[in-house]
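Notes for the structure review
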Amino acid sequence: MTPRPRFSGPARRAATVIDIAQKALMAAPSRNRASSTMIRFGAIATIRFDTAAASAIHTSSDRQRLGQSRAAVAARLRTMLADRTVRVVAAVDPVFLGQHVLAHVSIRTDGSVELVAEHLRDMSETVLVSAVGGAHDVVTEVRVGSMSELHDLLALIRAIDGVLDISTIIYSTVIKGFFVSEYHGGVTLDTIDEALIEQLQADGRKSFRALGEEVRLSASAVATRVQRLIDAGVIKISAVEARGLAHRQLSMGVGMTLGDDDKAVIDELRRGRGVDFAARTLGRFDAVATLVEPSAGALYASLERLRALPGVTRIEAWLHLAVLKEDYARTLRPLRTD
């Protein structure tokens, strides 16, 4: 039996604050009774994230788990927001942006990872760049419009000074992940919608009033537009916690080779605890996942659960040592919606 991870008092309280706040916000009604605030997918509109989350934590079981007052919870959340341990951001559906090909590139370097990562960070097609421990030295997630664009981009990556070789897998179906929304078409944006989306990508905590000042609309008109974008799956807004060895959350990538019957594996990836992202893939793996946990012991336990699933024939894992870029925001100004 895998031992359960143990945390110190402060670390345990920080973890519980975030976990409860997220669950409370996700469960909140779409319209806050007191201030007509829309709360959907964690989006905070006319009240602050820290105050809303603290107010949402009201049950006796939550208070017992935290051992903190609402004021203390709000103060802790403000600190996490200030040091960017937690960010509230909007993500736009990649298909809506014309990003039809999503790929994961693992890179071996001949020398410094930082020099290669610097080039990768500067590429507009990369949304994630992370130094890792494992068979490779750095991984990046890229999003492009077509397979020909992917081939051209991979050629550029291979040509970076210090790149020894690369290995690429393509996401065929995303099973789970915040940064992939649920857009199904049929939505046309005007310049005001585009401006609102760009503002929310930068700061998902912006109030409707502040957004209205940017686009010269009333707060109620902005609220209607934002809710329409959320309901249509164009954007998703949520609190996102920083990952890596310097933060509370540790992150591990997992590549899996699957057998004929993979239903149990897919169900675990979709619903399992600690699975932050998962996708079916084409390439050297049949599926990949990102596990996020507060300790090495918890990561190990999650990995063991995957190994034990019927249908998993091989697993390869890599630890994210430092997430050097995680930026899914994209300008919509060149986007044509006619």
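Let us look at the structure shown here. Along each chain, the written sequence defines residue order, and numbers are assigned to residues from 1. Owing to the predicted nature of the model, reporting of local features is limited to residues with pLDDT of at least 70; listing and counting of side-chain atom pairs is limited to 80 or more, with chain, interface and lining totals taken over all residues. Only heavy atoms go into the side-chain values, all of them from the structure, while hydrogens and water stay out.

1. Here's the deal with the packing of aromatic side chains
The geometry of an aromatic ring pair comes down to the distance between the two centres and the angle between the two planes. The following threshold applies: Only Phe, Tyr and Trp rings are paired, with Trp represented by its six-membered ring, and only when their centres lie within 6.5 Å; those with planes under 30 degrees apart are stacked, over 60 edge-to-face, the remainder tilted. Secondary structure elements follow DSSP: runs of H or I no shorter than four residues count as helices, runs of E no shorter than two count as strands, and numbering proceeds from the N terminus. Classification of residues uses two cut-offs on accessible area relative to the type maximum, computed with a 1.4 Å probe and protein chains only: under 20% is buried, over 50% is exposed, and between them is partly exposed.
Per the counting criterion, the structure on display carries two aromatic pairs. Pairing Tyr171 with Phe277 gives two aromatic rings, centres 5.3 Å apart and planes at 50°, and the pair type is tilted. On the criterion of sequence distance, the pair formed by Tyr171 in strand E7 (residues 163-176) and Phe277 in strand E10 (residues 275-282) is long-range, its members being 106 residues apart. Phe277 shares its class with Tyr171; the two are buried. Centroid distance Phe285 to Trp318: 6.1 Å. Interplanar angle 25°. Geometry classified as stacked. Taken together, the residues span a long stretch of sequence, with Phe285 in the loop between E10 and strand E11 (287-293) and Trp318 in strand E12 (residues 312-326) at a distance of 33 residues. Like Phe285, the residue Trp318 is buried in the burial classification.

2. With respect to the nonpolar core
This is how the line gets drawn: Side-chain atoms within 4.5 Å are what join buried Ala, Val, Leu, Ile, Met, Phe, Trp, Tyr and Cys residues into a set we call a nonpolar core.
The biggest cluster of nonpolar side chains holds 23 residues, and the ones touching the most others in it are Val234 and Ile235. For this core, the secondary structure elements donating two or more residues are strand E3 (86-92), helix H7 (191-202), helix H8 (208-215), helix H9 (219-231) and strand E8 (235-241). Considering each element in turn, this core owes the most residues, five residues, to H9.

3. Considerations on H9
Rules: One less than the residue count of a helix, multiplied by 1.5 Å, gives the span that helix is expected to have. Working note: the arc is built from the helix axis to C-beta atom directions.
For H9, built from 13 residues, the straight-helix expectation of 18 Å at 1.5 Å per residue is met to within 8% by its first-to-last C-alpha distance of 18 Å. Among all positions in H9, only Val222, Ala223, Val226, Gln227, Leu229 and Ile230 are buried. The arc that holds every buried residue of H9, seen down its axis, measures 160°, which confines them to one face. Exposed residues lying more than 90 degrees from the buried face of H9 are Ser220 and Thr224.

4. Regarding the pattern of salt bridges
For clarity, the cut-off: Salt bridges, as used here, are contacts in which a Lys or Arg side-chain nitrogen is within 4 Å of a carboxyl oxygen on Asp or Glu.
Applying the stated rule across the entire model yields 16 salt bridges. With a shortest N-O distance of 2.7 Å, Arg121 and Glu114 are connected by a salt bridge. Classification of Arg121 as partly exposed rests on a relative accessible area of 26%. Here the salt bridges do not stand alone but share partners, grouping Asp190, Asp193, Arg225 and Arg228 into one network.

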